[in-house]
Amino acid sequence: MTNKIDYKKTLDEIQKIVHSELKADGFKKKGRTHNKTLENGIIQVVNFQMAKYEFESVIEIPGIRTNLYGNFAVNIGVFVPELYESTFNQKPKVFIQEYDCEIRERINDKESGKEYWFSLGTDYQKTAEFIIEKLKSDVKKWFDRFDNRRKIVSELTESKELLFSPREKLCGAIIELGIDRTNGEQIFNEYYNSIENKKPHKNYVKQLAEKLNIKLIEKTSA
């Protein structure tokens, strides 16, 4: 029977193979995470996430509570330093984790959108090769969409549907402040006025505006 140690060793082997490709592309590795810093300071992140828990007395309910033990996923993210500093009021860490990124997703099937959870009980060489192929194709295209601040602002503020989180327009506004302050403040105000008055998040955004020296213009009722 495969145990936790076997799964860990298998993932170690897969990550080792994949890292040889990532390293050639400029990524550095720490634990299960890989970072690549672009010349403009933006950091690309690739992370291997192993499913943590094995069900014992818990009943698996497909679609609600799925037993993913013995599987792993590959997460990707894009980190913008000034966005992190403004949001969390602290300097970025030396090494960035995927959960530090506002822009992130999990490697998935592009047609169905279904996330890939890879089995650690199958041929790890083939799994590594599949991941490498995904990194060279879908993931590369995804990273290219966010490889400079103008592209990021456009993605976060002009999309008609949410890509990552409900506050992505706020994130785009903060980044735009460093590109075009006037436009950044306008986008910030649009986001602020889109929040219902009763929502606690509106007060957070108001405090953030004070910190960033942004003049809020309250939208008047028609």
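A short tour of the structure in this document, coming up.

Parameters and conventions
- Residues numbered from 1 in each chain as written.
- Predicted model: local features only at pLDDT ≥ 70, side-chain atom pairs only at ≥ 80, totals over all residues.
- Heavy atoms only, no water.
- Buried < 20%, exposed > 50% of the residue type's maximum accessible area, 1.4 Å probe, protein only.
- Helix = DSSP H or I, 4+ residues; strand = E, 2+ residues; numbered from the N terminus.
- Pairing = 2+ DSSP bridges.
- 1 Å grid on protein atoms, 1.4 Å probe; cavity = no way out; pocket = protein on both sides within 12 Å on 5 of 7 lines; lining within 4 Å.
- Points joined across faces, edges and corners; volume = space filled by probe spheres on them.

**Structural notes on the pairing of strand β2 (residues 33-37)**
Of all 5 residues that make up β2, 4 are buried, and the element is covered over most of its length. As defined by bridge partners, strand β1 (residues 28-30) adjoins β2 across 3 bridges and the pair is classed as antiparallel. Across the sheet, the residue bridging to Lys-28 is Asn-35, located in β2. Joining the antiparallel neighbours β1 and β2 is a turn of 2 residues, in which Gly-31 adopts a positive phi near 65°. Bridge count between β2 and strand β3 (residues 43-50): 5 bridges; the pairing is antiparallel. When the bridges of β3 are listed, Lys-36 appears paired with Gln-44.

**Observations concerning the environment of Ser-165**
Assignment of secondary structure puts Ser-165 in the loop between α4 (149-158) and α5 (168-177). C-alpha separation for the pair Ser-165 and Arg-104, spaced 61 residues apart in sequence, amounts to 9.6 Å.

**Structural notes on empty space enclosed by the protein**
Applying the stated rule across the entire model yields 2 cavities of 30 Å³ or more. If you go around the largest cavity, the residues you meet are Val-78, Phe-79, Val-80, Leu-83, Tyr-84, Phe-88, Asp-100, Cys-101 and Glu-102. Contributing elements (two or more residues each) for the lining of the largest cavity: β4 (71-79) and α2 (81-88). Ranked by residue count, the leading element in the lining of the largest cavity is α2, at 3 residues. The volume enclosed by the second largest cavity comes to roughly 40 Å³. Lining of the second largest cavity is provided by Ile-76, Glu-105, Ile-107, Asn-108, Lys-110, Lys-134, Asp-138, Val-139 and Trp-142.

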